[in-house]
Amino acid sequence: MATTEQDVMPDTKAARRAARTSDNSVDGIPPLARLFPLGLQHVLALYAGAVAVPLIVGGALGYSSADLAFLISADLFIAGIATIVQSIGFWRFGVRLPLMQGVTFAAVGPMIAIGQQHGITTIFGSVIACGLFMVLIAPFFAQLLRFFPPIVTGTVILIIGLSLMRVAAGWITTGSTPENPGAPPINVAFAFGTLLFIVLVERFAPAAFARLSVLLGLVVGTVVALLVPGMVDWSGVADAGWFALVTPFHFGLPAFELASIVSMIVVGVVIMTETTGDMIAVGEIVEKPVTRRQLADGLRADGLGTVLGGIFNTFPYTAFAQNVGLVSLTGVRSRYVATMAGAILVVLGLIPKVSAVVEGVPRAVLGGAGIALFGMVAASGIRTLAKVRFNNKNVLIVALSVGVALLPTVTPTIYDEFPSWFQLIFDSGISAGAIVAILLNLLLNTSELRAEHADDPRIGAFDGVRGPAAAALVHPEAEGTGLIDTVVLDEDREVADPRA
């Protein structure tokens, strides 16, 4: 009997139903008894990093406890929505993989600079513009990845971590005066006590708890601080409601200023590069390689989350790398676990008392946790740089980029005599370092050098096609992204694993 095309074509609806009932597939839906705790675990892994950015930015701009609590609520609410969009997907938005979204640390420096010069409404205006840029550029971003090889992305991530150390130091010195500018000894004790506890959890706790070491450090540090009068201020918790909607434009209508927008767009490109790496990495972990179309859909979802962030009084969003690691650790592939985590974040964002409790965590305890948290960001950059072949040119790229970026960190007044547009771009250090790294890489790692090493399977700075996480992939189906070349190994040829 002849077989028709309809006979051999799979029933897509049946295939989707089978995937949803599979024990452990990307499209499988675990029973609620497992789905909720798995989602909560993702929230706990993300939480400390998620709430840090509104605390940093709001604190730098001198906002009250009530306003800081509102920023935290808005952050959690939009993080939940962005995560749901990314994991479930609709139309051409969402990569449909188990990815969690949170506010990026890359935007902290530029946002503080913008806010101090023009106010928080200009921050939100530049965030909205950045998000729209990300949505529009998503289909073409693969062509821009050549400007962001590991030498650039690793340097930028390293700069982000180093630049934020000033914030951790500021938390520890809370309570200092012009007459006594040093940190109060009790603050130093709590900061390093929190840091010590984080190290002990990492060393002795089971793996599931070690993933939450920073969050556990915050909780235990705060509990101990309750024994010291005046260390914990939860006076705003009683006034905070049990339920409140996160309203758009709470601080006023957004303002749009060109230099601020340019500065934030630089951050947007860094965000898209970071998210690209995370999407490709999680695709490898769950054995569902990301296609070029999925990549564009995921980047559009990043942009949409960032636009919503600007509208609802929060900041740019990106995929959180620690949750990618959690997917690998647990082995749970279902994207609906991330959806459940997003729903939990939305609910937490609608409960102001939760945000008020977080805002009341002692700054000294935050400082200790911040050293670990920001240090992890810097270490992540070093890990990316480990893929780079460090010849003299590449050493110079990292050295000059880090040096230029840290100038405003060690001497905040260095650019005070320059025009405001220049200060907005270079005062943060992160934008300045990114620009320097991109330009030096284009200048020093030329097309001739890339051609010279075209057949070398190892990853070097000359490789201007592969992104930060994509560089490490050897999955045979990963070529669907169009971003990496698949290295086929045979018995007669042994290639060094770039992840080694």
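Conventions we followed
What you see as residue numbers is a count from 1 along each chain, following the sequence as written. Only residues with pLDDT of at least 70 get local features here, since the model is predicted, and only at 80 or more are side-chain atom pairs given and counted; chain-wide, interface and lining totals rely on the full set of residues. Think of the side-chain values as coming from all heavy atoms in the structure, minus any hydrogens and water. Salt-bridge detection follows one rule: a side-chain nitrogen of Lys or Arg within 4 Å of a carboxyl oxygen of Asp or Glu. In this description a helix means any DSSP run of H or I spanning at least four residues, a strand means any run of E spanning at least two, and both kinds are numbered starting from the N terminus. Each residue's exposure class comes from its accessible area (1.4 Å probe, protein chains only) as a fraction of the maximum for that residue type: buried when under 20%, exposed when over 50%, partly exposed otherwise. Here the expected span of a helix is defined as 1.5 Å times the quantity of residues minus one. The aromatic pairing rule takes the rings of Phe, Tyr and Trp, using the six-membered ring of Trp, and pairs them if the centres are within 6.5 Å, calling planes under 30 degrees apart stacked, those over 60 edge-to-face and the rest tilted. Should any heavy atoms of two residues lie within 4.5 Å, those residues are counted as being in contact. Each residue gets a pLDDT score, which is the predictor's confidence in that residue and runs from 0 to 100.

1. So, the pattern of salt bridges
- Using the criterion set out here, one finds 4 salt bridges in the structure.
- Arg92 is the salt-bridge partner of Asp297, the closest N and O atoms lying 2.3 Å from each other. Remark: Arg92 occurs in the loop between α4 (65-88) and β1 (101-103) and Asp297 occurs in helix α14 (residues 292-311); sequence separation between them is 205 residues.
- By relative accessible area, Asp297 is classed as buried at 3%.
- A salt bridge links Arg300 to Asp297, with the shortest nitrogen-to-oxygen separation between them at 2.8 Å. Here Asp297 and Arg300 lie together in helix α14, a separation of 3 residues that amounts to about one turn. The pair formed by Arg300 and Asp297 is uniform in burial state, with each residue classed as buried.
- Salt bridges sharing common partners tie together Asp27, Lys288 and Arg335.

2. Some words on helix α8 (residues 150-172)
- With 23 residues, α8 extends 33 Å between its outermost C-alpha atoms, agreeing within 8% with the 33 Å of an ideal straight helix rising 1.5 Å per residue.
- Burial analysis of α8 places 18 of its 23 residues in the buried class, which makes it a mostly covered element.

3. Looking at the packing of aromatic side chains
- For the structure on display, the rule yields 8 aromatic pairs.
- Measuring from ring centre to ring centre gives 5.5 Å for Tyr63 and Phe251, while their planes differ by 75 degrees; the resulting arrangement is edge-to-face. Taken together, the positions of Tyr63 in the loop between α3 (32-60) and α4 and Phe251 in the loop between α12 (235-239) and α13 (258-285) put the pair 188 residues apart, joining distant regions of the chain.
- A relative accessible area of 18% places Phe251 in the buried class.

4. Focus: the environment of Val286
- Within the secondary structure, Val286 sits in the loop between α13 and α14.
- Once the C-alpha coordinates of Val286 and Val332 are considered, the two residues, 46 residues apart in sequence, prove to be 8.2 Å apart.
- Ignoring sequence-local partners within four residues, the contact set of Val286 consists of Val26, Leu97, Pro98, Val327 and Arg333.

5. Here's the deal with the confidence of the model for the protein chain
- Of the residues in the protein chain, 77% have a pLDDT of 70 or more, and the chain-wide mean is 76.
- When mean pLDDT is taken per element in the protein chain, helix α6 (residues 120-137) scores highest with 93 and helix α1 (residues 5-8) scores lowest with 44.
- Long-range and interchain partners of residues 1-11, a stretch whose pLDDT sits below 50, account for 2 contacts in this model, where long-range means more than four residues apart.
- Low confidence marks residues 459-500, where pLDDT is under 50. Its contacts with residues over four positions away, or in another chain, come to 90 contacts.

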